[in-house]
Amino acid sequence: MKLLDGKIVADLVQKEIQKELSRELSGMQPRPPCLVALLTTDDPASLHYVKRKVHACHEVGITSRVIQCNPKETKELLELIDSLNEDVSVDGILIQLPLPLHVNLSQVLQRVDPRKDVDGFHPINVGKMFLGDPDAFYPCTPLGIKVLLEYYKIDVSTKHVVIVGRSNIVGKPLACMLMQNAPGCNATVTVAHRHTTNLQEICLAADVIVSAVGKPNLITADMVKPGAVVVDVGITKVADANTKSGFKLVGDVDYRAVSQKVSAITPVPGGVGPMTIAMLLKNTLKSFYLHR
Ligand code: NAD
């Protein structure tokens, strides 16, 4: 069984970015890339994710700024985004999700300049991704999964990939990316979701299963074909008296039993998570080149 170690691959991607930036910045480049993260809640998980992103930026030589705000209405956030869109010193804008319930998510995502949309959530980038346009900003988690599979030479072409979960940030874009007529793609994709009635049967037919749900032990060994590849995107915090913090992070997959059956599997943590951050850095570099 091969462990698809996202930390190793993310470190390699980060080192490449770091090298590229030190080369660029020793030349005529007047400033490093700049990412601004908008944080609209004091939710500890969101704070934690933003901290990790800021830290990763720092490691590779990307400057970053976190704007923490508490918008009373959508308009406030839209005005802030307008000012960041106009600011020539800002390359990438990241809106940390979830937003407060009273804020209109779709208006906010549509307000970000598509050339600064490092999350790849603006409809223009979603449309370009749908068309297979390489100029699009691709969403970080599905892009990270694709890069991880490529690194470990897992070719999805001609394979049946079952994606469990159809969110706009993971399941749907991943399905769209893997079914493209392009190198590293050409998969036959099935997308399952909460209304799918025969999940076990569908998963058993998969060469590759990607689970992006957020339910521990959703994917059990009796749902997985021997020799399949399993990518676990789920992250859930569960109580664990054996850890110092009193909790641990788990994925959607019953890792212990499933890892006995598969040819390759991602761990949680240390699988898709680090890849997501590495792809954010890559997208920020891409936005930087668009603005110089
Ligand atoms: P979401 O809540 O937006 O979507 C969950 C999806 O799961 C929905 O499409 C729903 O239909 C489906 N679902 C729910 N119950 C199901 C069931 N019993 N059977 C089949 N499908 C079911 O979630 P999301 O934002 O896509 O995130 C999913 C998980 O991935 C979460 O645990 C999240 O924390 C994690 N995540 C991890 C990363 C990372 O970088 N590792 C990035 C994004 C999300």
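Residues numbered from 1 in each chain as written. Predicted model: local features only at pLDDT ≥ 70, side-chain atom pairs only at ≥ 80, totals over all residues. Heavy atoms only, no water.

> Can you help me understand the overall build of the protein in this one?
What the protein contains, in helices and strands, is ten helices and eleven strands. Taking 2.2 N^0.38 as the reference for a compact globule, 292 residues should give roughly 19 Å; the C-alpha atoms of the protein span a radius of gyration of 19 Å, in line with that estimate. Projected onto its principal axes, the C-alpha positions of the protein cover 55 × 40 × 40 Å. By residue count, 48% of the 292 residues in the protein fall in the buried class. Looking at the protein alone, contacts between residues at least 24 apart form 70% of all its contacts between residues at least 6 apart. A total accessible area of about 14500 Å² is found for the protein, and carbon and sulfur atoms account for 56% of it. (Helix = DSSP H or I, 4+ residues; strand = E, 2+ residues; numbered from the N terminus. Rg over C-alpha atoms; globule rule 2.2 N^0.38 Å. Buried < 20%, exposed > 50% of the residue type's maximum accessible area, 1.4 Å probe, protein only. Contact = heavy atoms within 4.5 Å. Areas by Shrake-Rupley, 256 points an atom, 1.4 Å probe, with all protein chains shown as cover.)

> Quick question: what am I supposed to make of the sheet that holds strand E11 (residues 264-265) here?
Backbone hydrogen bonds hold the strands of a sheet together, and the pairing may be parallel or antiparallel. Across the sheet, six strands lie side by side as E1-E11-E8-E7-E5-E6; this open sheet has parallel pairing. With one partner strand each, in any of the chains shown, strand E1 (2-3) and strand E6 (188-192) form the two edges of the open sheet. Pairing between strand E8 (residues 229-232) and E11: two bridges, direction parallel. Within the sheet, the bridge partner assigned to Val229 lies in E11 and is Ala264. Helix H7 (residues 171-178) contacts strand E5 (160-164), E6 and strand E7 (208-211) of the sheet and is inclined by roughly 165° relative to E5. (Pairing = 2+ DSSP bridges. Axes fitted to C-alpha atoms, helices over the stretch in contact; angles between N-to-C directions.)

> How should I be thinking about the pattern of salt bridges in this particular structure?
Pairs may arise between side chains of opposite charge once their charged atoms sit close together. Enumeration according to the criterion identifies seven salt bridges in this entry. Residues Lys75 and Glu79 are paired through a salt bridge, measuring 3.4 Å at the closest nitrogen-oxygen approach. Placement of both Lys75 and Glu79 in helix H3 (residues 74-86) is noted, with a separation of four residues, approximately one turn of the helix. Relative accessible area serves as the criterion here: at 44%, Glu79 is assigned to the partly exposed category. (Salt bridge = Lys/Arg side-chain N within 4 Å of Asp/Glu carboxyl O.)

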